[in-house]
Structures are given as C-alpha cells and as structure tokens.
Amino acid sequence: MQKTISKQTRIIVAAILLTATFFSLASQTMMVTALPVIQHLMHVTLDTAQWLTTGYTLVIGIVTPLSSNLYEKFTNRTVFLGIIGTFITGTLMGCWAHQFWLLLLARLVQASASGILMTYTMTALISIYPPEKRGTIMGISSLIVSTAPAIGPTVAGFILQVLSWRWLFIIVLPVMIIVWVIGFVKLPNFSPTRNIKIDVLSVGLALVGASMALTSITTFTTNAHQAWLLLIGGVILLSIFAVRQFKLTNPVLQLRIFKYRSFSTMTVICILAFMILLGTEQLIPVFTEGVTGTSSFVAGLVILPGALVNATVAVFAGRWYDNSGPQYPVFLGAALILVATLPLVWMSKHTPLWLITVDYAARLAGNSLIFSPAMSEAFRDLTPEENSHGTALNNTLRQVAGAIAITLCVVLAGIPRSLTVGTHLAVAIISSLAVGIIVLFSWYLMREKRTQAN
C-alpha cells in the first residue's frame with residue numbers, strides 16, 4: 001500500500017492523525033493536576049476523583065479491541081470522522097457538566113474515541129510507510145503517545161492557574177473541530193474494506209471483565225471479600241473472551257499473533273514501560289500539591305521538562321533502532337529509570353522542586369529509550385494484514401495496564417497515614433518493573449541468538 005500513496009499524501013495523513021492523537025492523549029492526563037481542585041469543588045474523595053484519569057485509561061483499553069474490526073469493516077475516512085465526532089461530543093459534555101458523574105461520563109465518551117483513534121493512527125502509519133522507515137515513523141508516533149500524556153498535566157496546571165477546570169475541555173474543543181473539518185476535506189480513502197461481523201459477545205466479555213478486574217484494585221482497601229470476587233470474576237470473563245477469539249473466523253482481537261516471540265515479548269516490555277510512565281506521572285503532582293503545598297500550575301511545571309526531554313529522546317531512539325536494533329536503547333533506558341528512582345524514594349516536603357523536576361525528566365528519558373525501539377521491534381515479524389490487530393492488542397494491553405498502574409499508585413500512596421511514606425512505597429513498587437524489563441529483554445536476546453545460530 002505504501003507504494004501507491006504519494007509522499008505529499010503521506011505527510012497530510014500523518015499530520016492529521018498525529019495532531020488528533022496528540023490532543024486526545026493530552027486530554028487523558030490533563031485531569032491529573034486538576035484532581036485536587038475537582039475533589040474540593042465537587043466534594044468527592046481522592047479515590048473517587050482519580051476515576052477521571054483511571055476511567056479514561058480503562059475505557060481506552062476496553063474499546064481498543066474494536067479498532068481492528070472497525071478498520072477492516074469501514075473505510076479509513078468513515079472511521080476517522082466518526083472517531084473525532086465522538087470525541088467532540090464528549091468534550092462538549094465536559095464543558096457543561098455540573099456534577100461529578102456527568103463529568104465522568106464526558107471523560108468516558110472522550111476515551112471511547114481516543115482508544116480507537118490511537119490504534120487507528122498506528123495502523124494507518126504502518127500501512128502507508130515502507131518497512132525501512134518504520135523505526136523512524138514509530139519513533140514519531142511514540143513521541144506522540146508518550147509526550148502528549150506527559151505534557152497534559154503541565155498545560156492543565158497553567159490553565160487552572162488563571163481559569164476554571166472547564167477550560168480543560170473548552171481549549172481542546174476548537175482544535176478537534178478544525179481537525180474534523182480538515183479530515184473531511186483532505187483525508188483520502190486508502191484502506192480496503194471487508195464484509196466482517198463484529199462479535200458482540202466478545203465485546204461484552206471484554207468490557208465487563210476488564211471493568212471488574214480494575215474495580216477490584218480500588219475495592220481491596222475497603223472490602224477485601226468483594227474485591228476478590230470482582231477480581232476472580234473479571235479474570236474468568238477475560239479468559240472466556242480469550243478462548244473465544246481462537247474459535248472465531250473474524251476475532252475482535254487476533255490473539256494468534258502472540259506466537260511471534262518478537263511481538264509477545266516486546267509488547268510486554270511496552271506495557272511495563274507504560275505502567276512506569278503513567279504511575280510516576282500520577283504520583284508527582286499528587287505529591288507536590290499534597291506534601292510540598294505547590295499550586296496546580298507549579299506541579300505542571302515540574303512535569304514540563306520531562307515532557308520535552310521525552311519528545312526529544314523518542315525520535316532519537318527510533319532512529320537508533322533503525323540503525324542498530326533495540327539492544328542498547330532498551331538496556332540504557334531501564335538502567336536510567338532505576339538510577340532515577342533513588343531520589344524519588346527519599347523525597348520529602350523539604351526536597352527542592354528542581355531535584356524532583358530533573359529526576360522526573362531522567363525517568364522519562366529512560367522510558368522513551370525503551371518505548372520507541374520496543375514498539376518497532378514488536379511489529380518486526382507481523383504481516384500487513386496483522387498490523388491492525390497488532391496495534392489493537394498492543395494498545396489494549398498497554399492502556400489497561402496503565403489504568404492498573406494509576407489505580408495501584410493512588411491506592412498505595414493512600415495506605416500509610418503519611419502521603420510521603422505512601423508515595424515512597426508506590427514509587428518503589430512501580431519502579432521495580434524496570435528490573436522486569438531488563439530480565440525479559442535479556443531472555444529475548446538470548447532466544448534470538450539461539451534461533452539465528454540454528
């Protein structure tokens with residue numbers, strides 16, 4: 001397909017898709033610095049308020065499996081306009097929400113569009129660019145995927161300093177309307193369609209199972225018995241979902257692609273890196289606002305340098321992968337995350353904000369070194385027909401894991417009476433995932449060497 005599309009068309013398509021993805025993912029984390037504000041104004045607990053971020057991330061993970069089927073069943077133009085239209089609807093709802101549950105509903109409508117858009121964008125970019133450019137384009141895509149959530153809290157902090165929280169929706173609205181209009185005028189049809197049937201039962205199993213499993217995490221602190229029932233029930237439903245996919249001619253998720261060692265291993269590494277990213281990103285504003293007493297604006301500024309570093313390193317890491325493979329950037333990234341963990345597990349209300357800022361930026365640099373190469377390596381052995389399912393699976397698992405990481409960090413931070421001690425505990429646990437990345441990637445490289453030797 002990439003040979004039949006002109007360079008100019010590729011640029012137009014990439015610009016439209018990446019702009020839409022950037023703003024949808026930035027919206028995902030804009031609420032991070034706003035949580036204390038909304039908690040106070042709407043008289044809800046922090047555990048309840050955090051569902052504005054956790055729920056968003058969870059719904060992205062739940063709806064993402066639909067994206068591969070939608071991409072195959074409808075033209076890319078129809079899917080894109082429908083996605084952006086849905087996101088605009090959710091944003092309008094957020095502009096007018098006066099109660100917490102209406103605000104949460106607005107966020108979930110946004111998320112339902114954002115989850116499909118992210119996979120749609122990756123699938124389209126992989127389809128229209130040749131394999132030799134895949135590392136670079138995935139580096140740019142990873143820049144958006146990792147930078148937009150990182151910069152969201154900073155933008156939100158600035159907005160909340162001078163305007164109300166409603167402007168977190170109002171400021172996004174005109175941008176997405178412009179994207180829809182440009183897409184309507186300029187976006188070509190470049191994907192073939194197939195007459196497939198979406199399995200409603202699979203969608204229901206995934207929706208209910210994932211919701212039960214995630215809800216159980218926040219329930220453990222209040223009702224352990226109920227939490228175990230939710231967790232076990234969720235795992236059972238997700239297991240039924242997985243078994244069903246192997247029996248369907250057109251599964252919601254093509255789980256058979258896990259047979260590729262490159263895809264299965266590097267997807268897990270992407271998941272671990274994303275959990276570290278979102279978990280830390282959730283904790284830093286909560287700590288700086290709750291312990292050091294900074295404003296939402298200052299908490300956002302603490303995160304800003306990390307977002308800029310993340311953007312720069314993501315493109316560099318993608319090119320590094322094109323030239324020499326994933327080995328060096330992944331190991332270096334995991335090591336950098338572990339080293340940057342030490343200041344965070346010792347920080348207190350007297351810790352200088354510049355130290356937290358520098359340390360957070362170092363962690364995001366390590367995350368980018370892992371993310372772009374791992375994402376590119378994951379698609380190394382997939383066929384063009386399997387790309388949409390690969391992106392759907394990768395994004396689904398990553399977003400659900402990200403929602404778990406956010407919820408887990410908030411729960412862990414709230415277990416001790418001291419928020420400082422709780423933050424130390426959460427940072428230590430979420431950072432230990434970097435050790436898992438090193439171990440898993442080392443195993444992957446050894447298996448690859450054995451395969452090549454044979």
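Remember, it's a predicted structure, so these values are computed and weren't measured experimentally.

### As for the packing of aromatic side chains
All chains considered together, the criterion is met by eleven aromatic pairs. Residues Trp 180 and Phe 184 carry aromatic rings whose centres are separated by 5.4 Å and whose planes lie at 10° to one another, so their mutual orientation is stacked. Of this pair, Trp 180 and Phe 184 both sit in helix α9 (residues 173-186), separated by four residues, roughly a single helical turn. Residue Trp 180 is classed as partly exposed on the basis of its relative accessible area, which comes to 29%. Of the residues examined, Phe 184 reaches a relative accessible area of 44% and is grouped as partly exposed. Each ring, one from Phe 331 and one from Phe 441, has its centre 5.1 Å from the other, and the planes form 70°; the classification is edge-to-face. In this pair, Phe 331 is assigned in helix α14 (residues 327-339) and Phe 441 in helix α19 (residues 433-453), connecting sequence segments 110 residues apart. You can call Phe 331 partly exposed: its relative accessible area is 26%.

### Topic: empty space enclosed by the protein
Counted under the stated rule, the structure contains two cavities of 30 Å³ or more. Taken together, Ser 27, Met 30, Met 31, Arg 107, Gln 110, Leu 168 and Phe 169 make up the lining of the largest cavity. Broken down by secondary-structure element, the contributors of at least two residues to the lining of the largest cavity are α1 (7-30), α6 (100-128) and α8 (167-170). Within the lining of the largest cavity, the residues separate by chemical class into four nonpolar, two polar and one charged. Empty space within the second largest cavity amounts to approximately 40 Å³. Surrounding the second largest cavity, Gln 28, Thr 29, Val 32, Thr 53, Thr 57, Leu 278, Glu 281, Gln 282 and Ile 406 form its lining. Those elements that provide at least two residues to the lining of the second largest cavity are α1, α4 (51-73) and α12 (261-290). Ranked by residues supplied to the lining of the second largest cavity, first place goes to α12 with three residues.

### Comments concerning the pattern of salt bridges
Side chains carrying opposite charge are able to pair once their charged atoms draw close together. Per the stated rule, a full pass over the model turns up four salt bridges. As a salt-bridge pair, Arg 261 and Glu 448 come within 3.0 Å of each other at their nearest N and O atoms. With Arg 261 in helix α12 and Glu 448 in helix α19, the pair connects residues that are 187 residues apart, well separated along the chain. Glu 448 gets classed as buried once you look at its relative accessible area, which sits at 12%. Across the pair Asp 381 and Arg 380 runs a salt bridge, and its minimum N-O distance is 3.1 Å. Counted as one network, the salt bridges with shared partners bring together Arg 261, Glu 377, Arg 380, Asp 381 and Glu 448.

Definitions and limits used
Residues numbered from 1 in each chain as written. Predicted model: local features only at pLDDT ≥ 70, side-chain atom pairs only at ≥ 80, totals over all residues. Heavy atoms only, no water. Phe/Tyr/Trp six-rings, centres within 6.5 Å; stacked < 30°, edge-to-face > 60°. Helix = DSSP H or I, 4+ residues; strand = E, 2+ residues; numbered from the N terminus. Buried < 20%, exposed > 50% of the residue type's maximum accessible area, 1.4 Å probe, protein only. 1 Å grid on protein atoms, 1.4 Å probe; cavity = no way out; pocket = protein on both sides within 12 Å on 5 of 7 lines; lining within 4 Å. Points joined across faces, edges and corners; volume = space filled by probe spheres on them. Nonpolar A, V, L, I, M, F, W, Y, C, P; charged D, E, K, R; others polar. Salt bridge = Lys/Arg side-chain N within 4 Å of Asp/Glu carboxyl O.

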